[in-house]
Amino acid sequence: MNMVNNPLDLKISADPDNILDLLRRKVPTSDAAFENAPIGMAYISLNGLWLKINDYLSSILGYSQEDLLYREVKEISLLEEAHKYEALKEKLLTAEIKSFQMEHRIRHKEGYLMWVECGISLIRDRENQPLYFISHLRNMSRKSEIERKPDESEQRYESLIEHNPAGILTCDLKGMIISVNPAMERILGFVEMEMLGRPINFFLEGKEHEERSPYRIIFSETDNYMIRVRHKNGDMIELGLKHVPIYVNDIIEGIYIIAKDITQHNKDRESLRAAQQDLHDTVRRQQGMTMKFRQMKGKFIHTLCDGELLYRLGYKPSHIIGNGLYEIWPFYKAANMEKYYRRAWNGEQNVMYEATFRGITYLTSLRPILENGKVIEVIGSCVDITERKHMETELRETKELLESFINNTTDAICVLDLRSRVISVNAAYEHVFGWNQDELKGQPLPIYPDFLEEQRKEIYEMLKAGKQISGLETVRKRKDGLIVHVSVTKTPIKNEKGEIIGFAGITRDITERKRTEELLRKSDKLSVAGQLAAGLAHEIRNPLTSLRGFLQLLQNDMSGKQHYFDIMLSELDRINFIVSEFLVIAKPEAIHYKQSKLKDILQTVIALLDTQALLCNVELILEFESEIPEIVCSEMHLKQLFINLVKNAIEAIPRDGHIRMTVSQQGDDLIRVRTQDNGCGIPEERLKQLGEPFYTTKEKGTGLGLMMCFKIVEAHKGTMSIQSHMGEGTIIDVYLPKQPPARCAIELS
């Protein structure tokens, strides 16, 4: 059998120690005696749960056995009386007492309070281990009025003691405690049962003074005095005490000791003293200056003035306190300050003015102090704003410079909020697009053509994600409906916390630049066409010679000459191909992007340049390392790109040589076309300048060809790199995406 006082676990067993079964086995008639007892009886577990109650107790409390079984006893008790009940139970368990009886209030099932007399005993086993409690309850409500109701004066006395906010302790002349009110229990932390019958010095003096006579304690002091005692939890507290003698028939029978916890009061008083000292130190050490003044005999006399600013102005408090304005400041300054002093004294709130003295600019705020609607004093606070003034000047100059730059730049600048609505635009914006700020403010930008709606959404999604868009070349719509070519840079605007609060955009009209580039492209085409003319003439002359010879043969005899017709048709097709490709290179053509075979484009380039290469004793080699998929591109521009590269390579080879074009796939998205020659090479210091207009390494070159090569690769969202070593040759790698990004495809279209 488990004798340990463990808490009940109702999930395992409602009666883990089998206490009820033990009772029935030891005393066969116990159940009958329990059930038929003329008073309320109950078995209570060591952890305070109802184990069993009889019918009489049920009738007293109004609860059935099922209502109370295995619930805590303290649930129907008042909180303050439950503490006393628990303390007495602890004394039963520690064998300090064998049983106890007390009157207390419990709550009936109907909700009202009733007085009961409760007696509790502890049952132990043969080894003296505690088993359970037996409780007897008797209803006190049925007593006669004379027995139940105390004398009215006694009730008032008990109420005064019981509900007094001050702690009251009653002791006899020997210093033994007779009674303690709830306030004293709260102050010391001990319950009444722990204090009754003990000497007063045990509680009021602490253990280090237990030897001191209780008689000396209660008669040594009568007036108010303070003492430090130790709370039950170990904390030291401070009490204010007053001894009041108890007289019965003019004889002192005991002493009331009235106590008030003044720990917090003393802490507050010390805090107030420290705060006052801290306030004085703060006023003295503050960077600014605090002052007070009153009007006396028509003059404003200062009653307080201190702070670091006062000393920086060259004064001390003694120079200010007790003096008026004209006794402190120069006349012009005092006369100006007097106007503000008078306004504050007349009741105006928050009178502010700036003043400069000895190179220091400070801001003063005056506020009247009113009492019964009348100004009795004015308090002033002064702050050094010299640095702020300098910063304001710098900020104003910077702002003016920035505004001048924004308003006079030729680039269109706009600022948008998070909903992509216009906050402001500059003058150049109206010049470029035709809308002024009043028309656009608070509206979404109307400059996007309908076919670029997806681009607009993608741009603002990127900006909201904190990304910057730089140098995006695209088109926008003017107010008059015209489409203009622009270069756009957009960036998110962030506050000091790094949060995005808007967007800024700079738009540059590049229509003229586009026209210039087109002219350069056409010039480059004409240059290429002119340089190819000699080779093409040779290519066309050879088939024409064949045609002429066969025609002369056919004049004499037509029979058996069918294969001559096949050769003539083949040579005519060759002329047609050469002329068509020459026209493709030479004539202007609108940019058109479509799915194309790179293999066919490169083979066409080789066919065009093969004759020129042979004339220069150069071998052209085209190799494909793997199957090359189709790509989205402009066929005409890629032909122009690779013709320029191969032609430059031919010209870089002084004598017999070779040019190898190798095509390979790089990853899943890129195709690399490598053009490698064994020509003279390019000096390393000139590599960085390749691609600039009119920069060339050739004697009669213009530099436009390579520039257009870079432009064509860039338009296809690819990259081009050049490696070269003097005397060894040059390698040019062109990387082209198989499928340009969505935004690129929109731009190219």
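Residues numbered from 1 in each chain as written. Predicted model: local features only at pLDDT ≥ 70, side-chain atom pairs only at ≥ 80, totals over all residues. Heavy atoms only, no water.

(A) Geometry of the overall build of the protein chain. Across its full length, the protein chain holds 27 helices and 27 strands. Here the protein chain holds 749 residues, and 40% of them are scored as buried. Partitioning the intrachain contacts of the protein chain with sequence separation of at least 6 by distance along the chain shows that 49% fall at a separation of at least 24. Only carbon and sulfur atoms are counted for the fraction: they give 52% of the accessible area of the protein chain, which is about 43,000 Å². (Helix = DSSP H or I, 4+ residues; strand = E, 2+ residues; numbered from the N terminus. Buried < 20%, exposed > 50% of the residue type's maximum accessible area, 1.4 Å probe, protein only. Contact = heavy atoms within 4.5 Å. Areas by Shrake-Rupley, 256 points an atom, 1.4 Å probe, with all protein chains shown as cover.)

(B) Local environment of the state of the cysteines. Evaluation of the coordinates by the stated rule reveals zero disulfides. Of all cysteine sulfurs, the one in Cys305 lies closest to Cys382, which takes part in no disulfide; the gap is 7.1 Å. Since its relative accessible area comes to 2%, Cys382 is described here as buried. (Disulfide = S-S within 2.5 Å.)

(C) Quick peek at empty space enclosed by the protein. Using the criterion set out here, one finds four cavities of 30 Å³ or more in the structure. Residue lining of the largest cavity: 14 residues in total, with Val73, Ser77, Tyr85, His104 and Cys118 positioned closest to the centre. Counting residues per element, the ones that place at least two in the lining of the largest cavity are helix H5 (79-93), strand S3 (99-107), strand S4 (113-124) and strand S5 (130-139). Counting residues per element, the lining of the largest cavity draws most heavily on H5, which supplies three residues. (1 Å grid on protein atoms, 1.4 Å probe; cavity = no way out; pocket = protein on both sides within 12 Å on 5 of 7 lines; lining within 4 Å. Points joined across faces, edges and corners; volume = space filled by probe spheres on them.)

(D) Summary view of helix H20 (residues 453-464). With 12 residues, H20 extends 17 Å between its outermost C-alpha atoms, agreeing within 8% with the 16 Å of an ideal straight helix rising 1.5 Å per residue. Following H20 by one or two positions, Gly466 adopts a phi angle in the positive range, close to 90°. (Expected span 1.5 Å × (residues − 1).)

(E) Quick peek at the sheet that holds S4. The strand order S2-S1-S5-S4-S3 describes an open sheet built from five strands, whose pairing is antiparallel. Both edges of this open sheet fall to strand S2 (50-53) and S3, since each of them pairs with a single strand only. Neighbour-to-neighbour, the strand axes of this sheet turn through a mean angle of 30°, independent of strand direction. One ladder, built from nine bridges, connects S4 with S5; its direction is antiparallel. (Pairing = 2+ DSSP bridges. Axes fitted to C-alpha atoms, helices over the stretch in contact; angles between N-to-C directions.)

(F) Structural view of the pattern of salt bridges. Counted by the stated rule, this structure contains 27 salt bridges. Here Lys89 makes a salt bridge to Glu86, at a shortest N to O gap of 3.8 Å. Of this pair, Lys89 and Glu86 both sit in helix H5, separated by three residues, roughly a single helical turn. A relative accessible area of 3% places Lys89 in the buried class. For Glu473, the salt bridge identified is with Arg513, shortest N-O distance 2.1 Å. (Salt bridge = Lys/Arg side-chain N within 4 Å of Asp/Glu carboxyl O.)

(G) Structural view of the packing of aromatic side chains. Using the criterion set out here, one finds 14 aromatic pairs in the structure. Taking 6.0 Å as the distance between ring centres and 55° as the angle between the ring planes, the aromatic pair formed by Tyr460 and Phe503 counts as tilted. With Tyr460 in helix H20 and Phe503 in strand S20 (residues 500-509), this residue pair connects regions lying 43 residues apart in the sequence. Comparing Tyr460 with Phe503, the two get one shared label, buried. (Phe/Tyr/Trp six-rings, centres within 6.5 Å; stacked < 30°, edge-to-face > 60°.)

(H) Highlighting the packing of helix H23 (residues 598-615) against helix H24 (residues 635-652). In contact at an axis separation of 9 Å, H23 and H24 are set at 40° when each is read in the N-to-C sense. For the pair H23 and H24, the crossing hand works out as right-handed. From H23, Leu598, Ile601, Leu602, Thr604, Val605, Leu608, Leu609, Gln612 and Ala613 reach across to H24, where they touch Glu635, Leu638, Lys639, Phe642, Ile643, Val646, Lys647 and Ile650. (Left-handed = near helix turned anticlockwise from the far one by under 90°.)

(I) Highlighting the nonpolar core. Among the nonpolar cores identified, the biggest contains 38 residues, and Leu598, Leu638, Leu641, Phe642, Leu645, Met720 and Val734 are the most heavily contacted of them. Those residues in contact with Leu598, other than ones at most four positions away along the chain, are Ile628, Ile631, Leu638, Phe642, Val663, Ile671 and Val673. Listed in part, the 29 residues of the second largest apolar core include Leu313, Tyr340, Phe357 and Val378. (Core = buried A, V, L, I, M, F, W, Y, C linked by side-chain atoms within 4.5 Å.)

(J) Representation of the sheet that holds strand S14 (residues 360-371). Taken in spatial order, the five strands make up an open sheet running S12-S11-S15-S14-S13, and their pairing is antiparallel. Either end of the sheet is taken by a strand with one partner, and the two such strands are strand S12 (299-306) and strand S13 (351-357). Between one strand axis and the next, the sheet turns by 25° as a mean value, whatever way the strands run. Contacts from helix H17 (residues 386-408) reach S13, S14 and strand S15 (374-384), with the element oriented near 120° to S14.

(K) Representation of the confidence of the model for the protein chain. When pLDDT is averaged across the protein chain, the result is 81; 79% of the residues are at 70 or more. Across residues 206-210, where pLDDT falls below 50, the model places five contacts with residues more than four positions away in sequence or in other chains. Confidence over residues 742-749 falls short of pLDDT 50; this stretch has 18 contacts with residues more than four positions distant or in other chains. (pLDDT = per-residue confidence, 0-100.)

(L) Spotlight on the pairing of strand S1 (residues 40-44). Of all five residues that make up S1, five are buried, and the element is covered over most of its length. Residues of S1 alternate between two faces, with Gly40, Ala42 and Ile44 on one and Met41 and Tyr43 on the opposite face, all of them buried. Note that S1 and S2 share three bridges and pair antiparallel. Counted as the bridge partner of Ile44 is Trp50 from S2. What sits between the antiparallel neighbours S1 and S2 is a turn of five residues, in which Gly48 has the positive phi angle 85°.

(M) Highlighting a negative patch on the surface. Judged by side-chain charge, Glu387, Glu394, Glu397 and Glu400 come together as a negatively charged surface patch. Owing to a relative accessible area of 56%, Glu387 belongs among the exposed residues under this scheme. (Patch = residues over 30% accessible without salt bridge, like charges linked within 9 Å, V, L, I, M, F, W, Y side chains within 5 Å. Lys, Arg positive; Asp, Glu negative; His and termini not counted. Charge placed at Lys NZ, Arg CZ, Asp CG, Glu CD.)

(N) Expanded view of unusual backbone geometry. A positive phi angle is found at Tyr70, which is not glycine, with a value near 65°. As for its position among the elements, Tyr70 is in the loop between helix H4 (65-68) and H5. Positive phi outside glycine occurs at Arg358, with the angle close to 55°. Relative to the assigned elements, Arg358 resides in the loop between S13 and S14. We classify Arg358 as exposed; its relative accessible area is 56%.

(O) The environment of Ile601, seen in detail. Structurally, Ile601 is set in helix H23. Sequence separation between Ile601 and Phe642 is 41 residues; the distance between their C-alpha atoms is 9.1 Å. With near-sequence residues (within four places) excluded, Ile601 lies in contact with Ser596, Cys633, Glu635, Leu638 and Lys639.

(P) How the structure looks around the environment of Thr303. Following the sequence through the fold, Thr303 ends up in strand S12. Counting along the chain gives 74 residues from Thr303 to Glu377, while the straight-line C-alpha distance between them is 9.2 Å. For Thr303, the contacting residues outside a window of four places in its chain are Lys292, Phe293, Arg294, Met296, Ile321 and Glu377.

(Q) Expanded view of the pairing of strand S25 (residues 670-677). Two strands pair when backbone bridges link them, and strand S24 (residues 657-666) and S25 are joined in this way by eight bridges, in the antiparallel orientation. Opposite Ile659, over in S25, you have Asp677 as the bridge partner. Here S24 hands over to S25 after three residues, with Gly667 in that stretch at a positive phi of 70°. Sheet topology places S25 next to strand S27 (residues 729-737); eight bridges connect them, and they run antiparallel. Of the residues in S27, the one forming a bridge with Asp677 is Thr730.

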